[in-house]
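A look at the structure
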Amino acid sequence: AQSVAQPEDQVNVAEGNPLTVKCTYSVSGNPYLFWYVQYPNRGLQFLLKYITGDNLVKGSYGFEAEFNKSQTSFHLKKPSALVSDSALYFCAVRDHLSGTYKYIFGTGTRLKVLA
Amino acid sequence: EPEVTQTPSHQVTQMGQEVILRCVPISNHLYFYWYRQILGQKVEFLVSFYNNEISEKSEIFDDQFSVERPDGSNFTLKIRSTKLEDSAMYFCASSELVSTDTQYFGPGTRLTVL
């Protein structure tokens, strides 16, 4: 069955340090992969996506993610965390080869950046 | 920057009542979606809509649910005879295309069924 896993419920990092939020997926073929961020009382804001091409994808607010096909992972990274990055982060996948429109989401990881 | 908007932000209803959740997708987008997130659980796909008809729906989207685009701007989700387990955050999303395009989400409507 198709699934997305975010193994960490919460990640704590000191301001200025690099951050990583992990995501692995179980989808056949070459899925489309997405990261979204949710701030309190806001919707899901798109950060970045991987469709094809370069495995390192750059997105909004200095975030980037690396697609690793052999490890079926799409970890979100940022070289230097800001307190304002504190939010809930969701990884999502779309199995485009099956013709589906739907995104499958992970359970979310709460990022807390400490000043 | 264009945004998806949703109203109301919070809806409280009695079990058995009908509710309509409203969404205004981004104006040049052609594909529309509803997702829901029960508290503490994953965001789950409900339905996608294109060219005035449902293009895909999940097993959650049974006869209790319906969607409609009543005019050129609104996209609605109707839940008939609400149940306690319908309490959730409902997110509307839209995309310009479906092929490689990104779904943009609204802020959500929190539905509480008492």
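Everything here concerns the structure above.
**Examining the overall build of chain A**
Within chain A one finds 0 helices and 12 strands. Ordered by position from N to C terminus, the α and β elements of chain A give β-β-β-β-β-β-β-β-β-β-β-β. A globule of 115 residues ought to have a C-alpha radius of gyration of about 13 Å, and chain A, at 14 Å, matches this closely. Here the C-alpha coordinates of chain A stretch approximately 45 × 30 × 20 Å along the principal axes. Considering chain A as a whole, with its 115 residues, one finds that 47% of them fall into the buried category. Residue pairs in contact within chain A that sit at least 24 positions apart in sequence constitute 57% of those at least 6 positions apart. For chain A, the exposed area adds up to about 5,300 Å²; of that, 48% sits on carbon and sulfur atoms. Computing the positive centroid from 11 side-chain charges and the negative centroid from 8, chain A places the two 5 Å apart.

**Thoughts on the nonpolar core**
Proteins that are soluble and globular tend to have nonpolar side chains buried together. In terms of nonpolar packing, the biggest core is built from 28 residues, with Trp35(A), Leu47(A), Leu48(A), Phe74(A), Leu76(A) and Tyr89(A) touching the most fellow members. Of all elements in the fold, only strand 2 (10-14), strand 3 (19-21), strand 5 (32-38), strand 6 (44-50), strand 8 (64-68), strand 9 (73-78), strand 10 (87-94) and strand 12 (109-114) of chain A reach the threshold of two or more residues within this core. Here this core takes 4 residues from strand 10 of chain A, the largest share from any one element. Not counting the four nearest positions on each side in its chain, Leu76(A) is found in contact with Leu19(A), Thr20(A), Val21(A), Trp35(A), Leu47(A), Leu48(A), Phe63(A), Glu64(A), Ala65(A) and Tyr89(A). The next biggest cluster of nonpolar side chains, apart from the first, holds 23 residues, and it includes Leu21(B), Leu46(B), Val47(B) and Val113(B).

**A short note on the side chain of Arg36(B)**
All names here are of chain B. If you trace the backbone, Arg36 turns up in strand 4 (residues 31-37). When its relative accessible area of 10% is taken as the criterion, Arg36 is described as buried. If near-sequence neighbours (up to four positions away) are discounted, Arg36 is found in contact with Lys42, Val43, Glu44, Leu46, Ile60, Phe65, Glu85, Asp86, Ala88, Met89 and Tyr90.

**Considerations on the side chain of Gln6(A)**
Residue and element names in this part refer to chain A. Within the fold, Gln6 resides in the loop between strand 1 (3-5) and strand 2. A polar atom in the side chain of Gln6 sits 3.0 Å from the backbone oxygen of Tyr89. At 3.0 Å, the side chain of Gln6 and the backbone nitrogen of Cys91 are in polar contact. Leaving out residues up to four positions away in the same chain, Gln6 has contacts with Val21, Lys22, Trp35, Tyr89, Phe90, Cys91, Gly106, Thr107, Gly108 and Thr109.

**Details of the environment of Trp35(A)**
Residue and element names in this part refer to chain A. Along the chain, Trp35 turns up in strand 5. Relative accessible area serves as the criterion here: at 0%, Trp35 is assigned to the buried category. Taking C-alpha positions, Trp35 is 5.5 Å from Leu47, a pair spaced 12 residues apart along the chain.

About the criteria used
Residues numbered from 1 in each chain as written. Chains lettered and ligands numbered in written order. Predicted model: local features only at pLDDT ≥ 70, side-chain atom pairs only at ≥ 80, totals over all residues. Heavy atoms only, no water. Helix = DSSP H or I, 4+ residues; strand = E, 2+ residues; numbered from the N terminus. Rg over C-alpha atoms; globule rule 2.2 N^0.38 Å. Buried < 20%, exposed > 50% of the residue type's maximum accessible area, 1.4 Å probe, protein only. Contact = heavy atoms within 4.5 Å. Areas by Shrake-Rupley, 256 points an atom, 1.4 Å probe, with all protein chains shown as cover. Lys, Arg positive; Asp, Glu negative; His and termini not counted. Charge placed at Lys NZ, Arg CZ, Asp CG, Glu CD. Core = buried A, V, L, I, M, F, W, Y, C linked by side-chain atoms within 4.5 Å. Polar contact = N/O pair within 3.5 Å; in protein donor to acceptor, adjacent residues only side chain to side chain.

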